[in-house]
Amino acid sequence: MKKSTFLKAAFITAVIAATPFVAGAVDHSHHEASVADSGALVEEMKALDAVFREVVSAVALGDGHRVHQALESMHGKMEKTQEALHAGKVVLRKNAAKAAEFEKMDRQFHKSLEALGQASHKGDRKGMTMITKKLLDGCVACHEKFRP
Ligand code: HEC
């Protein structure tokens, strides 16, 4: 129960942290500045990358507890980048004008992360597998559109 509550809080934090991505992205055309400012997003991506590798391994073994733990470990990292995100330091370097689409993809991605947290908590192996595949699709789709 405690863990579930904590995880929910972590995901709410993640969603809040993710939303202002777009704040600095609107109408951005100065390339030099965007390179300098993309640090927060890349930092979050590195954390996400490590978590997702662990998630893939744990899902392959049907280990809901490990999946849950991996998702929890993201909490601190995402909080850390939250300030930078709120300060508008995150800028999309590609397709910056499509900020609304980025926001939608990001929101859907975090919803799926939340669903994965719930599936892992229940030990629902089939659900974990399906959602993890969906998450991978989310990484690829967003990178195709927004990763320089
Ligand atoms: C909603 C959009 C979005 C989603 C979802 C997303 N990413 Fe990213 N990711 C980006 C963007 C944009 C960049 C490029 C940032 C930059 O360089 O300015 C990036 C960069 C990265 C990087 C940095 C390394 C590099 O060469 O650019 C890694 C690692 C990464 N993503 C991993 C992942 C993984 C793993 C997932 C899924 C589990 C994922 N991302 C999901 C948008 C997303």
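Values in this document were obtained by computation on a predicted structure and should not be read as measured data.

**Comments concerning the nonpolar core**
- Formed by 15 residues in total, the largest nonpolar core has its most connected members in Val55, Val67, Ala70, Leu71, Leu116 and Met128.
- Put simply, the parts of the chain that give this core at least two residues each are helix H3 (39–60), helix H4 (64–86), helix H5 (99–122) and helix H6 (125–146).

**Examining the packing of H5 against H6**
- Between H5 and H6, the least distance of the axes is 9 Å, while the angle of their chain directions is 160°. Taken together, the axes of H5 and H6 are roughly antiparallel relative to one another. The two elements H5 and H6 meet at a crossing, and its hand is left-handed. Along its contact with H5, which presents Phe102, Met105, Gln108, Phe109, Ser112, Leu113, Ala115, Leu116, Ala119 and Ser120, the element H6 presents Gly127, Met128, Ile131, Thr132, Lys134, Leu135, Gly138, Ala141, Cys142 and Phe146.

**Quick word on the environment of Leu116**
- Relative to the helices and strands, Leu116 is located in helix H5.
- Placed 61 residues apart in sequence, Leu116 and Val55 show a C-alpha to C-alpha distance of 9.7 Å.
- Residues within four places of Leu116 in sequence aside, it is in contact with Val67, Leu71, Met128, Ile131, Thr132 and Leu135.

**A word on the packing of H3 against H6**
- Where H3 contacts H6, the axes come no closer than 10 Å and their chain directions differ by 145°. You can see that H3 and H6 cross each other, and the crossing is left-handed. Here Val55, Val56 and Val59 of H3 lie close against H6, whose contacting residues are Met128, Thr129 and Thr132.
- Taken together, the residues of the contact of H3 with H6 sort by class into four nonpolar, two polar and no charged.

**Quick notes on the confidence of the model for the protein chain**
- The predicted model of the protein chain averages 77 in pLDDT, with 64% of residues at 70 or higher.
- Mean pLDDT values for the elements of the protein chain range from 41 in helix H2 (residues 31–37) up to 97 in H6.
- A low-confidence stretch, residues 12–37 (pLDDT under 50), is modelled with 51 contacts involving residues beyond four sequence positions or located in other chains.

Scoring rules and cut-offs
Residues numbered from 1 in each chain as written. Predicted model: local features only at pLDDT ≥ 70, side-chain atom pairs only at ≥ 80, totals over all residues. Core = buried A, V, L, I, M, F, W, Y, C linked by C-beta atoms within 7 Å. Buried ≥ 20, exposed ≤ 12 C-beta atoms within 10 Å, placed from the backbone. Helix = DSSP H or I, 4+ residues; strand = E, 2+ residues; numbered from the N terminus. Axes fitted to C-alpha atoms, helices over the stretch in contact; angles between N-to-C directions. Parallel < 35°, antiparallel > 145°, perpendicular 65-115°, else oblique. Left-handed = near helix turned anticlockwise from the far one by under 90°. Contact = placed C-beta atoms within 7 Å. Nonpolar A, V, L, I, M, F, W, Y, C, P; charged D, E, K, R; others polar. pLDDT = per-residue confidence, 0-100.

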